[in-house]
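Next come the chains, spelled out residue by residue.
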Amino acid sequence: MSNFLIKKYKQLSIIEKTGKKIGLFRTICSIFGGLIVAYLSMCLLVFIIPGTPGESIIIPLMFNTFVWAITSLWICLSKSKLIALKRVIIPTVFLSILILFFILGN
């Protein structure tokens, strides 16, 4: 089992020599990872902006499309598949922890 994981890790961490092909893996990571990060940041902004959630939803809704586009571009321009995967997982975990902190804190 550990040999399989080591092989997959090495396969994912290969840096591509030319940046002409984005690849299906990085494209899927950028689309769905950007969407997840954008929605989690939108939910976090609802907790941060003072007022009721109904009043403060306008700014996060406008912010959502901008964050999705920027995050997708950031993920898509990574040098390897492993870096793209890390750029999806790390912000998702960080934003999820912050949202849980605000939910459990109230």
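Residues numbered from 1 in each chain as written. Predicted model: local features only at pLDDT ≥ 70, side-chain atom pairs only at ≥ 80, totals over all residues. Heavy atoms only, no water.

In the annotation of an unreviewed UniProt entry, the protein chain is listed under the name Membrane protein and assigned to Malaciobacter molluscorum LMG 25693.

Along the protein chain, the regular secondary structure elements total four helices and zero strands. Taken from the N to the C terminus, the helices and strands of the protein chain come in the order α-α-α-α. The globule rule puts the C-alpha radius of gyration for 106 residues at 13 Å, and the 17 Å found for the protein chain is more than 25% above it. Each of the 106 residues in the protein chain was classed as buried or not, and the buried ones make up 27%. Taking as baseline every contact in the protein chain between residues at least 6 positions apart, the subset at least 24 positions apart corresponds to 71%. (Helix = DSSP H or I, 4+ residues; strand = E, 2+ residues; numbered from the N terminus. Rg over C-alpha atoms; globule rule 2.2 N^0.38 Å. Buried < 20%, exposed > 50% of the residue type's maximum accessible area, 1.4 Å probe, protein only. Contact = heavy atoms within 4.5 Å.)

The subject of this paragraph is the nonpolar core. If you look at the biggest cluster of nonpolar residues, it comprises five residues: Val37, Leu40, Leu44, Leu95 and Ile99. When contributions to this core are tallied by element, the ones reaching two or more residues are helix H2 (24–48) and helix H4 (81–105). Ranked by residue count, the leading element in this core is H2, at three residues. Look past the residues within four positions of leucine 40 in its chain and what remains in contact with it is Thr92, Leu95, Ser96 and Ile99. (Core = buried A, V, L, I, M, F, W, Y, C linked by side-chain atoms within 4.5 Å.)

Within the secondary structure layout, leucine 85 lies in helix H4. By relative accessible area, which is 28% here, leucine 85 ends up partly exposed. Put simply, leucine 85 and phenylalanine 4 are 81 residues apart on the chain and 18 Å apart in space, counted from C-alpha to C-alpha.

For the rest of this paragraph, the subject is the UniProt feature "transmembrane region" (unreviewed entry) in the protein chain. When the UniProt feature table is mapped to this numbering, "transmembrane region" (unreviewed entry) covers residues 24–51, 57–76 and 88–105. Structurally, residues 57–76 is divided into 95% helix and 0% strand, and its ends, taken at the C-alpha atoms, are 28 Å apart. Secondary structure across residues 88–105 comprises 100% helix and 0% strand; the distance between its end C-alpha atoms is 26 Å. (UniProt positions renumbered as here; feature names shortened; annotations may be inferred.)

Our focus in this paragraph is the packing of H2 against helix H3 (residues 58–76). Viewed as axis vectors pointing N to C, H2 and H3 meet at an angle of 145°, and their least axial separation amounts to 7 Å. Every pair of crossing elements has a handedness; the one defined by H2 and H3 is right-handed. Residues of the contact of H2 with H3, tallied by class, amount to 16 nonpolar, seven polar and one charged. (Axes fitted to C-alpha atoms, helices over the stretch in contact; angles between N-to-C directions. Left-handed = near helix turned anticlockwise from the far one by under 90°. Nonpolar A, V, L, I, M, F, W, Y, C, P; charged D, E, K, R; others polar.)

For the rest of this paragraph, the subject is the side chain of arginine 26. The residue arginine 26 is located in helix H2 in this model. Residue classification places arginine 26 among the buried positions, given a relative accessible area of 6%. Among all residues touching arginine 26, those that are not within four sequence positions of it are Glu16, Lys21, Cys76, Ser78, Lys79, Ser80 and Ala84.

So, about the confidence of the model for the protein chain. Low-confidence regions, as indicated by low pLDDT, have predicted coordinates that should not be scrutinised in detail. When the pLDDT values of the protein chain are averaged, the result is 87; 96% of them are 70 or greater. Across the protein chain, the element-wise mean pLDDT spans from 82 in helix H1 (residues 2–12) up to 93 in H4. (pLDDT = per-residue confidence, 0-100.)

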